[in-house]
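# Close look at the chain arrangement
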Amino acid sequence: DLSALFLRRCFPSTYFLDYCNQGTQSASGVYIEVDLDEDLSFLGSAFPHTVDGQVVTFDIGDVDLECGQISFQVEVSCDVELGATHCSVAEIYPQDPCGQPLLGWEGPVLQLP
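Presented here is a report on the structure given in the accompanying data block. Owing to the predicted nature of the structure, the values given are computational and were not obtained by experimental measurement.

### Quick word on the pairing of strand β5 (residues 49-52)
Pairing of β5 with strand β6 (residues 55-63) involves four bridges; the strand directions are antiparallel. Its bridge partner being in β6, His49 is matched across the sheet by Phe58. Count of turn residues in the β5/β6 antiparallel hairpin: two residues, of which Gly53 carries a positive phi of about 65°.

So this is what it looks like as structure tokens:
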């Protein structure tokens, strides 16, 4: 989940990136890519990250059956029209929603396209 309380042009704003592992096993090598709107400039985060243009990658590492939050700061361009909409997208990896069935599970295993 990617959210910001508000975005004001010419001022720093904070985004909050919430993630959860609601599966049945730990995930390893986890990272999140945030593709920022073209009118936003990434200012920084205390969480380890890399920046490539408008894509910010946060290296999460191993995630047990838990939730976490990352905050980071952006600044909206002063040239943006008042009331403009800004679209930023976050994607978490790896994306293997099924994994292996629970040990000892004898019921059905469904796989959807």
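Having seen the structure, we can now continue with the description.
### Some points on the side chain of Ser88
One can find Ser88 in the loop between β7 (67-76) and β8 (89-93). Since its relative accessible area comes to 16%, Ser88 is described here as buried.

### Concerning the side chain of Ser45
By the element assignment, Ser45 lies in the loop between β4 (40-44) and β5. Exposure remark for Ser45: the relative accessible area of 16% places this residue in the buried category. A distance of 3.1 Å separates the side chain of Ser45 from the backbone nitrogen of Phe47, its partner in a polar contact. At 2.8 Å, the side chain of Ser45 forms a polar contact with the backbone oxygen of Ser71. Non-local contacts of Ser45, meaning those with residues more than four positions away in its chain, are made with Phe58, Ile70, Ser71, Phe72 and Gln73.

### Observations regarding the state of the cysteines
All told, the structure shown has two disulfides when counted by the stated rule. One disulfide in the model links Cys10 with Cys78; its S-S distance is 2.1 Å. With Cys10 in the loop between β1 (2-4) and β2 (12-20) and Cys78 in the loop between β7 and β8, the pair connects residues that are 68 residues apart, well separated along the chain. On the accessibility criterion, Cys10 (32% relative accessible area) is partly exposed. Each sulfur in the disulfide pair Cys20 and Cys67 lies 1.9 Å from the other. Linking Cys20 and Cys67, the disulfide has an S-S dihedral of approximately 110° and is accordingly described as right-handed. Taken together, the residues Cys20 in strand β2 and Cys67 in strand β7 connect sequence positions 47 residues apart. Take Cys20: its relative accessible area is 41%, and that puts it in the partly exposed class. Looking at Cys67, the relative accessible area reads 53%, which means it is exposed. Each disulfide of the protein joins two cysteines, and with those cysteines numbered along the sequence the arrangement is 1-4, 2-3.

Cut-offs applied
Residues numbered from 1 in each chain as written. Predicted model: local features only at pLDDT ≥ 70, side-chain atom pairs only at ≥ 80, totals over all residues. Heavy atoms only, no water. Pairing = 2+ DSSP bridges. Helix = DSSP H or I, 4+ residues; strand = E, 2+ residues; numbered from the N terminus. Buried < 20%, exposed > 50% of the residue type's maximum accessible area, 1.4 Å probe, protein only. Polar contact = N/O pair within 3.5 Å; in protein donor to acceptor, adjacent residues only side chain to side chain. Contact = heavy atoms within 4.5 Å. Disulfide = S-S within 2.5 Å.

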